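Fold and geometry: a report
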Amino acid sequence: VRDLPEQINYKKLKLKCGLEIHQQLDTKHKLFCNCSTAMQEREPITIVKRKQHPMASELGEIDVAAQYEYLRDRTFNYQVFPNEVCLVCLDEEPPHEVNKEALDIALQIALLLNCQIPNEIHVMRKTVIDGSNTSGFQRTMVVGLNGFLKYKGKKIEITHVNLEEDAAAIVKEENGNVTYRLNRLGVPLIEVGTGLLIGYTPEDIQDIAFTIGLIFRSTSKVKHGLGTVRQDVNVSIKDGERVEIKGVQDLGILAKVIKLEVERQLSLPKVVKETRSANEDGTTNFTRPLPGAARMYPETDIKPVFIDKKYVDGIRKTLPEPWTKKLSRFKSKLRLPDQLAKQILRSDYLELFEKIAETKKVEPTIVANTFTSLLKDLERRENVKIENLAEKHFLELFDYLAKKKIVKEAVPDILKYLASKPQETVADAIGELGLKPISLEELKNIINDVTAQPGITFDKAVGLVMSKVRGRVDAQMVIKTLKRLRRI
Ligand SMILES: [Zn+2]
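Treat the numbers as computed from the prediction; the structure is a model and nothing was measured. (Residues numbered from 1 in each chain as written. Predicted model: local features only at pLDDT ≥ 70, side-chain atom pairs only at ≥ 80, totals over all residues. Heavy atoms only, no water.)

Looking at the overall build of the protein
The helix and strand tally for the protein stands at 15 helices and 17 strands. Dimensions of the protein along its principal axes, counting C-alpha atoms only, are 90 × 55 × 55 Å. Looking at the protein as a whole, 48% of its 488 residues are labelled buried. Accessible area of the protein: about 25,400 Å², with a carbon and sulfur share of 51%. For the protein, the separation between the mean place of its 77 positive charges and that of its 68 negative charges on side chains is 7 Å. (Helix = DSSP H or I, 4+ residues; strand = E, 2+ residues; numbered from the N terminus. Buried < 20%, exposed > 50% of the residue type's maximum accessible area, 1.4 Å probe, protein only. Areas by Shrake-Rupley, 256 points an atom, 1.4 Å probe, with all protein chains shown as cover. Lys, Arg positive; Asp, Glu negative; His and termini not counted. Charge placed at Lys NZ, Arg CZ, Asp CG, Glu CD.)

Considering the pairing of strand β14 (residues 274–278)
Counting buried positions along β14 yields four of five residues, so the element is predominantly enclosed. Taken together, strand β13 (residues 243–248), helix α4 (residues 254–267) and β14 form a β-α-β motif whose crossover is left-handed. (Right-handed = clockwise from strand over helix to strand, strands pointing away.)

Regarding the environment of Arg 242
Position of Arg 242 relative to the elements: it lies in the loop between β12 (229–236) and β13. A sequence separation of 106 residues divides Arg 242 from Gly 136, and the C-alpha atoms of the two residues are 27 Å apart.

A few points about unusual backbone geometry
Even without being glycine, Lys 14 reaches a positive phi, approximately 55 degrees. By secondary structure assignment, the location of Lys 14 is in the segment before β1 (16–24). For Lys 404, which is not a glycine, the phi torsion comes out positive at approximately 60 degrees. Examined against the element boundaries, Lys 404 turns out to sit in the loop between α10 (391–402) and α11 (411–420).

Regarding helix α3 (residues 202–218)
Over its 17 residues, α3 runs 24 Å from end to end, which matches the ideal 24 Å to within 8%, given 1.5 Å per residue. The buried fraction of α3 amounts to 15 of the 17 residues, a majority that puts the element mostly inside the structure. Positive phi shows up at Ser 220, right after α3, with a value of about 60 degrees. (Expected span 1.5 Å × (residues − 1).)

Side note on the pairing of strand β8 (residues 169–174)
Note that β8 and strand β9 (residues 177–181) share five bridges and pair antiparallel. When the bridges of β9 are listed, Glu 174 appears paired with Asn 177. (Pairing = 2+ DSSP bridges.)

Here's the deal with the coordination of the zinc ion
Coordination of the zinc ion by the protein involves Cys 33 (SG), Cys 35 (SG), Cys 86 (SG) and Cys 89 (SG), with metal-donor separations of 2.3 Å. Around the zinc ion sit four donor atoms, and with donor-metal-donor angles ranging over 101 to 118 degrees the site reads as tetrahedral. Counting along the primary sequence, the residues that act as donors to the zinc ion give the motif C-x1-C-x50-C-x2-C. For Cys 86, a relative accessible area of 24% translates into the label partly exposed. (Donors = N, O, S within 2.8 Å, 3.2 Å for Na, K, Ca; no water. Tetrahedral: all angles 85-135°; square planar, octahedral: opposite > 155°, others 65-115°.)

A closer look at the sheet that holds β8
The sheet built from four strands is open, its strands ordered β2-β3-β9-β8 with mixed pairing. Strand pairing shows two members of the sheet lacking a second neighbour, β2 (46–50) and β8, which therefore form its edges. Sheet twist, expressed as the average angle between the axes of neighbouring strands with direction ignored, equals 20 degrees. (Axes fitted to C-alpha atoms, helices over the stretch in contact; angles between N-to-C directions.)

So this is what it looks like as structure tokens:
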């Protein structure tokens, strides 16, 4: 089947995009203090109220006007959580030195993206005007420059890899009162910027973002789940201005966001330079005019980090298997079809999949399908809370499957059961749902009963038997046995 021709010719429109992708790192501690990065606490132990005042930087050239406009009359309420917020987070104590674990991961990513590594890493301050940072600025450092990524035989320019601190997450804003959760503030965040992408379709650009995401994941040290990856994309077309769209959280809607933005720009008499924020459905809202340059100045509280050749060589030795190699290994050794191999590479369950496929005697295709389509189906169609399913549930489930204590047809019902009762075990689910595999003898008896019915056809018999043995015997086994008994 051929795809329908694109209604919009993006090449003719001279579509130009630039990507900036942010990914939270899964380190033990935050970037400049010893707080946990778990972000698990729900109940704040206290709330710190602050008014912020606009301040010129030490170099004295920031958007004071814009900053003032925003901060005027606003009160910020910062929620404080045990173990996840400290005096550094509250800007009451100077930042500690750069978290070495985070720096190592950032350097791995910079090397995987073929970047040059600077000899000295300097922490810079980037002015933040919305109160999402208690200090009024975000700390960031360049760890890689002038890299590239191979995509469909071409080189995609990687302008920079930065390591920075994540901002506090907004809870609500009403009548000039803004509430933020401080546990996200300071969590290490990688920012990767691409050069201008010209001559690509929106789908290509989404695919490039995915590929960068795969490189992040290949380190096994990044956070998973909604909100852990955020991307900004700037979009311009022939004779137009650049519009920046911030905060696309779902990699899967990036192409749609770009398409809708192109349509929006085509419908306007004149495109204005601006920043827009992304909604979940791919549409965007205006947020503010695009800020000018010169928002960065040096962080004077933290000493620069010197990176010598020995350090970089050490990091180079720890680089993970490149995702392209992993993909071909999944296809050749584990015999996954191309599409499924790509899906599992992009899945949050990649590491768990590898662990199970390597240690348990189960068909890798069944494991991969469970982690991709089955979980998605259960979530979408049956509202199953799949976030309740933990690693131990899956390990136990596939252990049962490997030892033939269940059949693969029982997997969906067991997962549904465990998602609703996460404290129970696979054995509990089997007992409760009656999913113990039946013996060949029992199956034969059921088949004899069904085929004894007058006027029964083969297809009808298959359906009837299946409904009686659902989840307790392999479907192929039913058909094989029916054929072998030759009663119809
Ligand atoms: Zn802290």
